[in-house]
Amino acid sequence: MPETLQRMETYYAGAYWGPRKESPEECARRMEVMLASLLKSDPSFSRWFKPARSLKESLKRPLEPLHVPLQQWIQGGVTRSDGGLPMKDLGYSVMAWNGERDEYDDSDFHVACGGYSPWVNNACVFKLPSKGPNAERVLTTPVLTALVRSMAIAWEPDWAVAMSHTHRDVVKPLQVERSPYVAWVTYLARHRGTVPPLPAPVHMESVEDKGTLIVLTPEHFTAANSTHVELAQRVRALLDGAGLLQPVTP
């Protein structure tokens with residue numbers, strides 16, 4: 001893969017779970033846990049702002065990491081029909097931005113939670129910085145591991161991942177729909193089964209009693225590095241063989 005493509009590689013982190021009926025209050029409790037944990041991960045995750053018509057207006061709308069304001073914010077994100085009627089079975093959808101004006105060095109997250117329709121996927125997805133001082137800190141194994149751990153503890157997803165969009169595009173043709181990706185940092189819920197022994201330099205650690213974090217390499221994982229991609233493929237085959245990568249079903 002050309003070196004120019006490596007420089008263009010961008011990253012995201014996401015946690016995914018199937019239908020789960022939860023109230024705005026329950027979603028707010030989970031959001032509160034995640035925001036508190038993110039404070040310890042990186043300075044760029046220490047403050048968040050609600051979307052507005054402009055960046056200037058958004059900076060006047062800080063996200064208060066307290067239960068009641070969070071509950072009200074989430075409740076306001078209820079999915080509505082074309083006629084404006086609440087469709088609670090489709091859940092709640094909210095977004096926040098960290099206030100960095102440089103579009104290459106900012107982060108934001110989108111949470112869809114509380115949906116319990118069979119057609120709903122709940123998720124928490126972070127857009128991560130790609131270039132600049134924040135990116136230099138965030139796109140490292142320790143910070144991405146902490147981020148995925150924060151999402152796993154707060155939202156109790158079926159699976160979660162931190163990976164590059166390029167790597168995702170490379171392996172997507174091999175994916176079964178709704179099945180977990182295996183990448184730089186992967187989380188698998190405990191109910192999926194026992195993670196088998198994995199080859200070096202892969203590191204595994206428990207996330208409380210909820211599941212397992214799998215970190216492929218302490219290096220900066222990139223799809224431009226064939227060794228990294230081959231390692232991910234080997235680990236994916238082992239996890240699939242152990243039955244841990246079954247699709248999420250309603």
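Being a predicted model, the structure only gives us computed values, none of them experimental.

Cut-offs used in this document
- In every chain, residue numbers begin from 1 and rise along the written sequence.
- Only residues with pLDDT of 70 or above have their local features reported here, since the model is predicted, and side-chain atom pairs are shown and tallied only from 80 upward, although totals for entire chains, interfaces and linings are computed over all residues.
- Calculation of side-chain values draws on the structure's entire complement of heavy atoms; hydrogens and water are dropped beforehand.
- Helix and strand definitions follow DSSP, with helices as H or I runs of at least four residues and strands as E runs of at least two, each counted in order from the N terminus.
- Computation of the radius of gyration draws on C-alpha atoms, with the globule rule given as 2.2 Å multiplied by the number of residues to the power 0.38.
- Partly exposed describes any residue whose relative accessible area lies between the buried limit of under 20% and the exposed limit of over 50%, with all areas from a 1.4 Å probe on protein chains only and scaled to the type maximum.
- Two residues qualify as a contact provided that any one of their heavy atoms is within 4.5 Å of a heavy atom in the partner residue.
- Between any two strands, at least two bridges found by DSSP are needed for them to pair.
- Helix axes are fitted only over the stretch in contact, all axes being lines through C-alpha atoms; the angle between N-to-C directions runs from 0 to 180 degrees.
- Two N or O atoms form a polar contact when they lie within 3.5 Å of each other; inside protein one atom must be a possible hydrogen donor and the other a possible acceptor, and for residues adjacent in sequence the pair counts only when both atoms belong to side chains.
- Between 65 and 115 degrees an angle is taken as roughly perpendicular, under 35 as roughly parallel, over 145 as roughly antiparallel, and anywhere else as oblique.
- Left-handed describes a crossing whose near helix is turned anticlockwise from the far helix through less than a right angle; right-handed describes the clockwise counterpart.
- Residues are grouped as follows: Ala, Val, Leu, Ile, Met, Phe, Trp, Tyr, Cys and Pro are nonpolar; Asp, Glu, Lys and Arg are charged; all remaining types, including Gly, are polar.

(A) Region of interest: the overall build of the chain. Summing up its helical and strand segments, the chain has eight helices and eight strands in all. Taking 250 residues into account, the globule formula puts the C-alpha radius of gyration at 18 Å, and the chain, at 18 Å, falls close to it. Counting only C-alpha atoms and orienting by the principal axes, one finds that the chain spans roughly 50 × 40 × 35 Å. Counting across all 250 residues of the chain, residues that qualify as buried make up 48%.

(B) How the structure looks around the side chain of Q175. For Q175, the position within the fold is in the loop between α7 (165-171) and β6 (185-189). What makes Q175 buried here is its relative accessible area of 16%. Once residues within four sequence positions are removed from consideration, Q175 is found in contact with P180, Y181 and R236.

(C) Focus on the pairing of strand β1 (residues 11-17). Counting buried residues in β1 gives six out of seven residues, a clear majority hidden from the surface. Taken together, the six bridges between β1 and strand β5 (residues 159-164) define a ladder with antiparallel strand orientation. Each residue of the ladder has a partner; that of Y11, found in β5, is S164. Here β1 runs beside strand β4 (residues 122-127); their pairing, made up of six bridges, is antiparallel.

(D) Structural detail: the pairing of strand β3 (residues 108-113). Pairing geometry for strand β2 (residues 92-97) and β3, over six bridges, is antiparallel. Paired with W97 across the two strands is D108, which belongs to β3. Bridging between β3 and β4 involves five bridges; their strand directions are antiparallel. Residue pairing across strands places D108 opposite K127, the latter belonging to β4.

(E) Representation of the sheet that holds strand β8 (residues 211-215) in the model. The strand order across the open sheet formed by eight strands is β2-β3-β4-β1-β5-β6-β8-β7, and the pairing between neighbours is antiparallel. Looking at the sheet topology across the chains shown, the edges are occupied by β2 and β7 (203-207). On average, adjacent strands in this sheet sit at an angle of 15° to one another, irrespective of strand direction. Across five bridges, β6 lies against β8 in antiparallel orientation. Residue pairing across strands places A189 opposite G211, the latter belonging to β8. Running at roughly 120° to β2, helix α4 (residues 67-75) makes contact with β2 and β3 of the sheet.

(F) Focus on the side chain of S150. By the secondary structure assignment, S150 is in helix α6 (residues 141-155). Among the polar contacts listed, one links the side chain of S150 to the side chain of S37, at a separation of 2.6 Å. When residues no more than four places from it in sequence are discounted, the contact partners of S150 are M34, S37, L38 and S41.

(G) Summary view of the packing of helix α2 (residues 24-38) against α6. The N-to-C vectors of α2 and α6 enclose an angle of 155°; their axes lie 8 Å apart at closest approach. Viewed along their axes, α2 and α6 adopt a mutual orientation that is roughly antiparallel. Note that α2 runs across α6; the crossing there is right-handed. Contacts between α2 and α6 involve C27, R30, M31, V33, M34, S37 and L38 from the former and L147, S150, M151, I153, A154 and W155 from the latter. Here the contact of α2 with α6 is built from residues that sort into 10 nonpolar, two polar and one charged.

(H) Up close: the environment of R137. Following the sequence through the fold, R137 ends up in helix α5 (residues 133-138). For R137, a relative accessible area of 31% corresponds to the partly exposed category. In this structure the C-alpha to C-alpha distance between R137 and S44, which are 93 residues apart in sequence, comes to 9.3 Å. Contact partners of R137, with chain neighbours within four places excluded, come to D42, P43, S44 and V143. Among the polar contacts made by the side chain of R137, one reaches the side chain of N134 at a distance of 2.7 Å.

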